[in-house]
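Each chain, written out:
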Amino acid sequence: MSKTKPVAVALIVLGALAVPAHAEMIETDQLLAPSADAQRAQVDAFLVRQDVQRELEAFGVSPADAADRAASLTEAELQVVANRIDTLPAGANTGISTLGLILIIVLIVVLI
C-alpha cells in the first residue's frame with residue numbers, strides 16, 4: 001500500500017496542474033488567405049520594379065506618389081491589387097498584363 005500512496009499523490013498533483021486547452025474552428029478562407037502584410041510587401045515589390053516605374057511615369061504618376069497611395073490602400077483594395085499581381089504570368093512577356101495592373105493602380109491613385 002505504501003507504493004500506491006506516492007502514485008496517488010503524483011496523480012493528484014498532476015491533475016491540479018493541468019490547464020484546460022482552448023480551441024475554436026476557423027474558416028478555410030481565413031487559413032488560406034495571405035496576410036495583409038504579405039500582400040502589402042507584394043505590391044511594394046511590384047511598384048519598385050523599373051518597368052513598372054517607367055509605365056507609371058508615362059501615365060504622369062510619380063512612383064513615390066504611387067507608393068504612398070499603395071501604402072494607404074484598404075485591405076479590400078490591397079487584396080484586389082495583390083490578386084491581380086498573382087495572375088501575371090511568371091517570366092513571360094507581361095507587357096499587356098503589367099499595363100493592365102498599372103492602370104488599376106493609377107485608377108486607385110487618382111480616386112483616393
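The structure under discussion appears in the preceding block.
Residues numbered from 1 in each chain as written. Predicted model: local features only at pLDDT ≥ 70, side-chain atom pairs only at ≥ 80, totals over all residues. Heavy atoms only, no water.

Undergrad: If you had to explain the packing of helix α3 (residues 36-47) against helix α6 (residues 75-86) to someone new, which residues and values would you point to?
TA: Their axes nearest at 9 Å, the elements α3 and α6 cross at an angle of 55°. As far as their axial angle goes, α6 and α3 are oblique. Regarding α3 and α6, the two cross each other, and that crossing is left-handed. Along the contact surface, α3 presents Ala36, Gln39, Arg40, Gln42, Val43 and Phe46, while α6 presents Glu75, Leu78, Gln79, Val81, Ala82, Ile85 and Asp86. Residues that form the contact of α3 with α6 fall into these classes: seven nonpolar, three polar and three charged. (Axes fitted to C-alpha atoms, helices over the stretch in contact; angles between N-to-C directions. Helix = DSSP H or I, 4+ residues; strand = E, 2+ residues; numbered from the N terminus. Parallel < 35°, antiparallel > 145°, perpendicular 65-115°, else oblique. Left-handed = near helix turned anticlockwise from the far one by under 90°. Contact = heavy atoms within 4.5 Å. Nonpolar A, V, L, I, M, F, W, Y, C, P; charged D, E, K, R; others polar.)

Undergrad: An account of α6 is requested, with residue identities and associated values reported.
TA: Counted at 1.5 Å a residue, the expected span for α6 with its twelve residues is 16 Å, and the 16 Å between its end C-alpha atoms agrees. Leu78, Val81, Ala82 and Ile85 are the residues of α6 that are buried. All buried residues of α6 project into a common sector of 95° when viewed along the axis, lining one side. Turned more than 90 degrees away from the buried face of α6 sit Ala76 and Asp86, all of them exposed. (Expected span 1.5 Å × (residues − 1). Buried < 20%, exposed > 50% of the residue type's maximum accessible area, 1.4 Å probe, protein only. Arc of directions from axis to C-beta.)

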